[in-house]
Amino acid sequence: MASLNSSSVSFLNSPSLPNKPLLTANSSLNQLSFPKSSSLINSNDSLTLFHVRSSRASSSRSPKVLVVAAAANKSEPLKIMISGAPASGKGTQCELIKKKYDLVHIAAGDLLRTEIASGSDNGKRAKEHMDIGQLVPDEIVVMMVKERLMQPDSQDKGWLLDGYPRSLSQATKLQGYGFHPDLFILLEVPEEILVERVVGRRLDPVTGKIYHLKYSPPETEEIAARLTQRFDDTEEKVKLRLHTHHQNVASVLAMFEDTIIKVDGSVSKEAVFAQIDSALTKLLEQRAEKIGSAIA
Ligand code: AP5
């Protein structure tokens, strides 16, 4: 069997198979195999082309060689940024995106909270800024995020960057390091909803899952008993965080205007995810079509 390492496969020119990707980033592709009778047409760094004889070609009107499979040898992993006001649902959507698309979730706020928990000097400085809803200085946060993006898992699987960049200087530095998103998701939620989301938010320290006392309550009493609240999840502090967000968001959006999709984040988390999922599906289909046109 000929095996392919790929994350995107198209079947073309086939009367019996759909002319669209049969496999998506959600599929497990590492073991994808073709029968020995497949013949290799061409292979380079980005594409492998196979002729595959299919038993479905039994009809006399179907050509014997009917499938051309194209696979990206060095598949280009997805690179996504997600942005929005405090409590707009970034973390909640990242859980869902990660589950379906298997990307590495990198949340600037989580990296900073880990640093605080470690008791380091950087953590102590970061907390002073987080306590008053301000951005943590670039000299702490920029390298932290860059190093996480450069880890092998982020490079291999693709990344989902949550809450970063949050200022023009962070966006400029990120571009300078060569990190460009395929899609920049902006969650839009009216301010009055945000405050309610913040004060009701709870976190499970065991699973890391995000809950809300009203909108996403814990499944069991055991989980409910261990839930914690973030130190900056008060009405007073979220107003400071919102102020910082408004001061910076326009300059960040301007840097990514070619790749932005605006998503209504005020509906249920499932309905928000449906909008994001549809945009990601479209993006993957466009990529597969490009591979198809490269073959044609
Ligand atoms: P960070 O931790 O990133 O906080 P944030 O941006 O304020 O965002 P949140 O984590 O509060 O909210 P979220 O959008 O993830 O919402 P969630 O899904 O949890 O940053 C904290 C601080 O760190 C910053 O203030 C800053 O000081 C510092 N920092 C971070 N990044 C930095 C950077 N790049 N540079 C410098 N400093 C930085 O949802 C919230 C609640 O709503 C949950 O309870 C959830 O269950 C509920 N919910 C979510 N979606 C829905 C829905 N559709 N319907 C109903 N309820 C929902």
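Criteria and thresholds
- As a convention, each chain's residues are numbered from 1 in the sequence order in which they are written.
- Note on the predicted model: pLDDT of at least 70 is required for a residue's local features to be given, and 80 or more for side-chain atom pairs to be given and counted; whole-chain, interface and lining totals, by contrast, use all residues.
- Values shown for side chains rest on all heavy atoms present in the structure; no hydrogens or waters enter the calculation.
- Think of it in three bands: with a 1.4 Å probe and only protein chains considered, a residue is buried below 20% of the maximum accessible area for its type, exposed above 50%, and partly exposed in between.
- Only DSSP runs of H or I with at least four residues qualify as helices, and only runs of E with at least two residues qualify as strands; both kinds are numbered from the N terminus onward.
- Here the arc refers to the directions that run from the helix axis out to each C-beta atom.
- Near residues are defined by distance, with any heavy atom within 4 Å of the molecule or strand qualifying the residue.
- Contacts described as polar in this section are N or O atom pairs within 3.5 Å, which, within protein, must combine one atom able to donate a hydrogen with one able to accept it, while residues neighboring in sequence count only if both atoms come from side chains.
- Using the Shrake-Rupley algorithm and a 1.4 Å probe, accessible areas are obtained, with residue cover drawn only from the displayed protein chains.
- Pairing between strands is defined by DSSP: at least two bridges between them are needed.
- For helices, the axis comes from a line fit to the C-alpha atoms of the stretch in contact; other axes are also lines fit to C-alpha atoms, and the angle between any two N-to-C directions lies between 0 and 180 degrees.
- Only one rule defines a salt bridge in this text: a Lys or Arg side-chain nitrogen within 4 Å of an Asp or Glu carboxyl oxygen.
- Pairs of residues are marked as contacts when any of their non-hydrogen atoms sit within 4.5 Å.
- What pLDDT conveys is the predictor's confidence in a given residue, as a value from 0 to 100.

## Comments concerning helix H6 (residues 168–176)
All of the buried residues along H6 are Gln170, Ala171 and Leu174. Buried residues of H6 fall within an arc of 100° about the axis and therefore sit on the same side. Backbone geometry just downstream of H6 places Gly178 in the positive-phi region, at approximately 90°.

## A short note on the site of the ligand
The environment of the ligand is formed by 36 residues, the closest being Thr92, Gln134, Arg166, Arg201 and Arg241. At 2.5 Å from an oxygen atom of the ligand is found a side-chain nitrogen or oxygen belonging to Arg201. Between Val267 and the ligand, the recorded distance is 2.7 Å, taken from a backbone N or O atom to a nitrogen atom. In isolation the ligand offers 1000 Å² of accessible surface; the protein chains occlude 95% of this area. In terms of residue count, helix H2 (residues 108–118) provides more of the shell around the ligand than any other element does, four residues in total.

## Points about the sheet that holds strand E10 (residues 183–188)
Strand order in the open sheet formed by five strands is E8-E9-E7-E10-E13, and the pairing between neighbours is parallel. The two strands at the open ends of the sheet, each matched to only one other strand, are strand E8 (104–107) and strand E13 (260–264). Here the strands of the sheet are splayed against their neighbours by 20° on average, with no regard to which way each runs. Across five bridges, strand E7 (residues 79–84) lies against E10 in parallel orientation. Counted as the bridge partner of Gly84 is Leu187 from E10.

## Observations regarding the pattern of salt bridges
Enumeration according to the criterion identifies 18 salt bridges in this entry. A salt bridge links Asp233 to Arg201; the nearest nitrogen and oxygen atoms lie 2.8 Å apart. Residue Asp233 is located in the loop between helix H8 (221–226) and helix H9 (235–255), and its partner Arg201 is located in strand E11 (residues 201–203); the two are separated by 32 residues in the primary sequence. Overall, Arg201 belongs to the buried group, its relative accessible area being 13%. Residue Arg241 is joined to Asp233 by a salt bridge in which the shortest nitrogen-to-oxygen separation is 3.4 Å.

## A closer look at the side chain of Lys79
Relative to the elements of secondary structure, Lys79 occurs in strand E7. Among the polar contacts listed, one links the side chain of Lys79 to the side chain of Glu76, at a separation of 3.4 Å. Discounting chain neighbours no more than four positions away, the residues touching Lys79 are Trp159, His180, Pro181, Asp182 and Leu183.

## Re the confidence of the model for the chain
Here the chain averages 82 in pLDDT, and 74% of its residues register 70 or above. Contacts of residues 1–34 to residues separated by more than four positions or lying in other chains number 85 contacts, the stretch itself having pLDDT below 50. Throughout residues 62–73 the model reports pLDDT below 50, and contacts reaching past four residues in sequence, or to other chains, amount to 65 contacts.

## With respect to the environment of Ile106
Within the secondary structure layout, Ile106 lies in strand E8. For Ile106, a relative accessible area of 1% gives the class buried. Placed 25 residues apart in sequence, Ile106 and Met81 show a C-alpha to C-alpha distance of 9.5 Å. Once residues within four sequence positions are removed from consideration, Ile106 is found in contact with Leu111, Arg148, Leu149, Ser154, Trp159, Leu160, Leu161 and Asp162.

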